[in-house]
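# Coordinate inspection notes
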Amino acid sequence: MTDYKEKMLTLLVEKFRKSKKDSGTSVIARRTKITPVQLYKDYNRNDGDMEQIEAVNQAAVHCREKGFLTFETAGFSSEIRSIYLADEKVEEIEKYLESQYHYVPKSAKRRYVEQMIKIYGRRSPAAEKECEKLRRTLEKNRIPQKYRQTEEILKALVFIENNKKTLFLREASMLIYGDSKYLEETTLSSVCRALRDCLGRLCGEDELEDEILEEYHITREAQKLCLKGNVTVRIAGKELELGAFSDGVEIFAEDLEQMEWIHVHASVFMTVENYTSWLRLKKENTVFFYLGGYVGRQQRDFLKRVYRDNPQLSFLHFGDIDAGGLYIHEHLCRVTGIPFGMYRMSKVELEDPRFGPCLHPLTEQDRVRLESLKKQEMYRELAEYILENNVKLEQEIVSYYERV
């Protein structure tokens, strides 16, 4: 069963710490309040679990006896209407939570942030700018949100801005975090935004955010261009018929500079988000290009070349039917300038009974991203359907059932 003493006191303390009362800027005398429904959602329902309801009541009584809170009941019954924090006891309550439940009190969080500033401040321009934001927050008697994630960003900024060696992105990630993928998968976007903000260099519409790393001698590993279909490429004066390879071909992107032209002998050019689907797909009059997620710089340049050399082509993108898949499509269109349509990325697939066992529920982050996508006309209908039905689908099952 839920420990309602911990949940009750934590909710009250966190609400107080987020309020203007804690920073001393409140001009309205308002009590810090929560309701039992925030602890147990069925508290006020006639069919609520009486054991859970009684546990909430007993927790409130226990905390009141310790002087941590007060509460109001409904008339002469034991049903609690509102629970109020004893604001003057907030530090004592935090110490109690720390000793009993390993809660981190505000004073400890503040010391942690102050130590972060001491370690990373003034060690590089962008890191110092981020530390100054932390200082201003502390001056307002606030604890910066997600300060531990900020520490991971500061580690990268200090390393990158002081780097003098030529490195690949995953080498840099190993040197910063001891993990080859952590930078790319977790902090890269925030790090690049901080670097651009410090330099006053906005990301151009057809520019990738991480291209700023080249200023600091860090580049992505050489990419391979994966193509399947009837394509002729002229490289260094020689013509290559890629259609001869029925299962596709991979070309190092560095060879792009030697490509004189690319002729696509089909009416449709399709980018594919995942490798398994790229391997599976075969369709007449269609060329398939493996994307692998967000389009990289060399992939972008190749796609723009295809678009330029083949004005008759229709361009489609096939990806996961979820927030990530839609963001990849949006990014692909934006950085290449090519109007990619979406292939088999609709509610039709989500309603297909063959795919039912493969549907997954949304995460909270999925919902946040989809709410943002709803603002764009292209994605509104699909995003609303996904949100309303709490479903998402990976493309591999769709490509498995694909018929040519």
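Residues numbered from 1 in each chain as written. Predicted model: local features only at pLDDT ≥ 70, side-chain atom pairs only at ≥ 80, totals over all residues. Heavy atoms only, no water.

## Brief notes about the packing of aromatic side chains
According to the stated counting rule, one finds 14 aromatic pairs in the structure shown. Measuring from ring centre to ring centre gives 6.4 Å for Tyr96 and Tyr101, while their planes differ by 75°; the resulting arrangement is edge-to-face. With respect to class, Tyr96 is no different from Tyr101; both count as buried. Linked through ring pairs, Phe269, Phe289, Phe302, Tyr307, Phe315 and Phe340 together constitute an aromatic cluster. It is Arg31 that lies over the ring of Tyr84; its NZ or CZ is 3.7 Å from the centre. Taking the ring centre of Trp278 as reference, the NZ or CZ of Lys228 above it sits at 5.2 Å. (Phe/Tyr/Trp six-rings, centres within 6.5 Å; stacked < 30°, edge-to-face > 60°. Buried < 20%, exposed > 50% of the residue type's maximum accessible area, 1.4 Å probe, protein only. Lys NZ or Arg CZ within 6 Å of the ring centre and 35° of its normal.)

## A few points about the layout of surface pockets
In this model, the second largest pocket occupies a volume close to 390 Å³. Within the residue set of the lining of the second largest pocket, elements represented by two or more residues are helix H1 (4–18) and helix H5 (106–120). Looking at the lining of the second largest pocket, the element that brings in the most residues is H1, giving three residues. (1 Å grid on protein atoms, 1.4 Å probe; cavity = no way out; pocket = protein on both sides within 12 Å on 5 of 7 lines; lining within 4 Å. Points joined across faces, edges and corners; volume = space filled by probe spheres on them. Helix = DSSP H or I, 4+ residues; strand = E, 2+ residues; numbered from the N terminus.)

## Points about the side chain of Thr150
With respect to the helices, strands and loops of the structure, Thr150 is situated in helix H7 (residues 147–161). Residue class for Thr150 comes out buried when judged on its relative accessible area of 14%. Ignoring anything within four residues of it in the chain, the contact list for Thr150 reads Met116, Leu134 and Gln145. (Contact = heavy atoms within 4.5 Å.)

## A word on the packing of H7 against helix H9 (residues 182–199)
In contact at an axis separation of 9 Å, H7 and H9 are set at 65° when each is read in the N-to-C sense. If you check the angle between H7 and H9, you find them roughly perpendicular. Handedness of the crossing formed by H7 with H9: right-handed. Residues Glu152, Ile153, Ala156, Leu157, Ile160 and Glu161 of H7 lie in contact with H9, whose contacting residues are Tyr182, Leu183, Thr187, Ser190, Val191, Ala194, Leu195 and Cys198. (Axes fitted to C-alpha atoms, helices over the stretch in contact; angles between N-to-C directions. Parallel < 35°, antiparallel > 145°, perpendicular 65-115°, else oblique. Left-handed = near helix turned anticlockwise from the far one by under 90°.)

## Quick word on the pairing of strand E9 (residues 249–252)
In E9, alternate side chains face the same way, and those of Val249 and Ile251 are buried while those of Glu250 and Phe252 on the opposite face are not. As defined by bridge partners, strand E6 (residues 224–228) adjoins E9 across four bridges and the pair is classed as antiparallel. Bridge assignment links Cys226 to a residue of E9, and that residue is Glu250. (Pairing = 2+ DSSP bridges.)

## Description of the state of the cysteines
In this structure the tally under the stated criterion is zero disulfides. Free of any disulfide, Cys131 has its nearest cysteine sulfur in Cys198, 12 Å distant. Residue class for Cys131 comes out buried when judged on its relative accessible area of 0%. (Disulfide = S-S within 2.5 Å.)

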